[in-house]
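Listed below are the residues making up each chain.
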Amino acid sequence: MNKLPENLHKKMAVFERMLLTYESLSSVSSVLIALTGPLIAMFILDRFNDTHEVIRLFLLSTAVLISGASILSWFIKWFINKRTMPQLAGIIQKKYTRLGDKLQGAIELAQEENLHIASEELKKAAIMQIAEESEQYDFSAAIEKNKPLKLFTIALILILLI
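Read on for an overview of the structure. Since the model is a prediction, treat every value here as computed from it, not as a measurement.

## Quick look at the packing of aromatic side chains
Thinking step 1. Tallying each qualifying case throughout the model produces four aromatic pairs.
Thinking step 2. Measuring from ring centre to ring centre gives 4.8 Å for Tyr 96 and Tyr 137, while their planes differ by 65 degrees; the resulting arrangement is edge-to-face. Taken together, the residues span a long stretch of sequence, with Tyr 96 in the loop between α3 (85–95) and α4 (97–111) and Tyr 137 in the loop between α5 (120–134) and α6 (146–161) at a distance of 41 residues.
Thinking step 3. The exposure class assigned to Tyr 96 is buried, which follows from its relative accessible area of 16%.
Thinking step 4. Of the aromatic side chains, those joined through ring pairs into one cluster are Trp 74, Phe 75 and Phe 79.
Thinking step 5. Here Arg 83 stacks its cationic end above the ring of Trp 78, 5.2 Å away from the centre of that ring.

In structure tokens, the structure reads:
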């Protein structure tokens, strides 16, 4: 079985860790927003009149459900249905279309044991060429950084309001 070259494997591992970091930040921020938003809403409502128990229960339920959904979604994505190398290459493909296609091909060549469409040397050469080409690309640019940072900023503002 062919393996991905060490430099490409390390680059994909770094990409996966960065993706985990930004998705974790997004999930934590969502939980903080879900918990602080209803508290602020209840505080504002209490300034005008005593908030009815049904409204308080609704706000609490909303906070718990959104927080739970965010945590569950993150857990499923990173532990139950952990992304495979082809899925990571698919994320990269959204930013770098041609490179993503080539990465998908290299990963398939590296993972296929009984692929007899070409010699082992030819497969290794193709994989090495893609690995060398990928060196000039910044995989981290394929990670959406704006959404997690915006969510974190909103969460920080809401926490400061409390």
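Now that the structure is up, let's keep going.
## Observations regarding the pattern of salt bridges
Thinking step 1. One pass over the full model with this rule turns up four salt bridges.
Thinking step 2. Between Glu 23 and Arg 83 there is a salt bridge, with its nearest N and O atoms 3.1 Å apart. Within this pair, whereas Glu 23 is found in helix α1 (residues 6–48), its partner Arg 83 is found in the loop between α2 (53–80) and α3, the two being separated by 60 residues in sequence.
Thinking step 3. Relative accessible area serves as the criterion here: at 17%, Arg 83 is assigned to the buried category.

## Examining the layout of surface pockets
Thinking step 1. Of the voids in this model, the largest pocket is the one considered here, and its volume is about 500 Å³.
Thinking step 2. Secondary structure elements with two or more residues in the lining of the largest pocket: α1, α2, α3 and α6.
Thinking step 3. Element by element, the count of residues in the lining of the largest pocket is highest for α1, at six residues.
Thinking step 4. Each residue belonging to the lining of the largest pocket can be placed in one class, and the counts come to eight nonpolar, five polar and seven charged.

## Some thoughts on the packing of α1 against α2
Thinking step 1. Following both chains from N to C, one finds α1 and α2 inclined at 180 degrees, their axes separated by 9 Å at the closest point. On the basis of their axis angle, the class for α1 and α2 is roughly antiparallel.

## With respect to α6
Thinking step 1. Compared with the 22 Å implied by 1.5 Å per residue over 16 residues, the 23 Å span of α6 between its first and last C-alpha is a close match.
Thinking step 2. Looking only at α6, the buried set comprises Pro 148, Leu 151, Ala 155 and Leu 158. All buried residues of α6 lie within an arc of 90 degrees about the axis, which places them on one face of the element. Facing away from the buried side of α6 by more than 90 degrees, the exposed set consists of Asn 146, Lys 150, Leu 160 and Leu 161.
Thinking step 3. In this structure, the buried side of α6 is in contact with α1.

Parameters and conventions
- Residues numbered from 1 in each chain as written.
- Predicted model: local features only at pLDDT ≥ 70, side-chain atom pairs only at ≥ 80, totals over all residues.
- Heavy atoms only, no water.
- Phe/Tyr/Trp six-rings, centres within 6.5 Å; stacked < 30°, edge-to-face > 60°.
- Helix = DSSP H or I, 4+ residues; strand = E, 2+ residues; numbered from the N terminus.
- Buried < 20%, exposed > 50% of the residue type's maximum accessible area, 1.4 Å probe, protein only.
- Lys NZ or Arg CZ within 6 Å of the ring centre and 35° of its normal.
- Salt bridge = Lys/Arg side-chain N within 4 Å of Asp/Glu carboxyl O.
- 1 Å grid on protein atoms, 1.4 Å probe; cavity = no way out; pocket = protein on both sides within 12 Å on 5 of 7 lines; lining within 4 Å.
- Points joined across faces, edges and corners; volume = space filled by probe spheres on them.
- Nonpolar A, V, L, I, M, F, W, Y, C, P; charged D, E, K, R; others polar.
- Axes fitted to C-alpha atoms, helices over the stretch in contact; angles between N-to-C directions.
- Parallel < 35°, antiparallel > 145°, perpendicular 65-115°, else oblique.
- Expected span 1.5 Å × (residues − 1).
- Arc of directions from axis to C-beta.
- Contact = heavy atoms within 4.5 Å.

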